[in-house]
Each structure stands twice: as structure tokens, then as C-alpha cells.
Amino acid sequence: MNIVAWVILGLLAGAIAKAIYPGYQGGGILGTILLGAIGAFIGGTLVTLLQTGTFQLASTTLSIPGLFVAVIGALIAIWLWDLMNRRAYR
């Protein structure tokens, strides 16, 4: 996938995930793009694991199902980040 598609997918997936997840997630536009790109990797890897039963680093494509998977991955990334930050302040 080329860089422009990664930026578009990251921006869309990150913005949707931030809108769905409760609470405040800072980061601005670059953080949102990075969150969506990380979500695409997490979601793609989980889908590959569920479909084939093997662990492979994979990513989603810029499509409607790919966006859905990237949003799920971004929600998992936000949850993990929130989990790590809560423990750091205790």
C-alpha cells in the first residue's frame, strides 16, 4: 500500500476509534494517523490469526472491510495505551 493510502486509512480509522472510545485521547492529527496505522497492523494481524491460525504481521487495505478491521485494531491500541498509562500513575 502506498504512503497516501496509509495516511488516509490511518486518519479515518484513528478518528473513528477516537470518537467511539470514551474519554479524552490527545495526540492531534499526527497521533490520530499513527493510531490508525497501528490499528491497521493490529487488526490485520488478528484477522490473519483468526483465519489461518498462524501468527503473521499483516495489515489491512484501504477498503470498507479494511477500515472496519483497522478501527477495531485502533480501539485495541487505545485500550492498551490507556491500560499502560493508568498503571504508570499508580
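For the structure itself, consult the block above.
What you see is a predicted model, and the numbers here were worked out from it, not measured in a lab.

Q: Explain the overall build of the protein chain here, please?
A: When helices and strands are tallied, the protein chain shows three helices and zero strands. Mapped in sequence order, the helices and strands of the protein chain form the string α-α-α. Against the compact-globule benchmark of 12 Å for 90 residues, the protein chain has a radius of gyration of 13 Å, which places it among compact chains. Residue pairs in contact within the protein chain that sit at least 24 positions apart in sequence constitute 59% of those at least 6 positions apart. For the protein chain, the accessible surface area stands at approximately 5900 Å², while carbon and sulfur atoms represent 74% of it.

Q: I keep staring at the environment of A15 and nothing clicks. Help me out?
A: Summarising the element assignment, A15 is placed in helix 1 (residues 3–20). Along the sequence, A15 and L83 sit 68 residues apart, while their C-alpha atoms lie 20 Å from each other.

Q: Could you clarify how one ought to interpret helix 2 (residues 28–52) in this entry?
A: Each full turn of the α-helix corresponds to 3.6 residues, which orients residues three or four apart in the same direction. For helix 2, built from 25 residues, the straight-helix expectation of 36 Å at 1.5 Å per residue is met to within 8% by its first-to-last C-alpha distance of 36 Å. Every buried residue of helix 2 is listed here: T32, I33, L35, G36, A37, G39, A40, G43, G44, T45 and T48. G53 occupies a position one or two residues after helix 2 and carries a positive phi of about 80 degrees.

About the thresholds
- Residues numbered from 1 in each chain as written.
- Predicted model: local features only at pLDDT ≥ 70, side-chain atom pairs only at ≥ 80, totals over all residues.
- Heavy atoms only, no water.
- Helix = DSSP H or I, 4+ residues; strand = E, 2+ residues; numbered from the N terminus.
- Rg over C-alpha atoms; globule rule 2.2 N^0.38 Å.
- Contact = heavy atoms within 4.5 Å.
- Areas by Shrake-Rupley, 256 points an atom, 1.4 Å probe, with all protein chains shown as cover.
- Expected span 1.5 Å × (residues − 1).
- Buried < 20%, exposed > 50% of the residue type's maximum accessible area, 1.4 Å probe, protein only.

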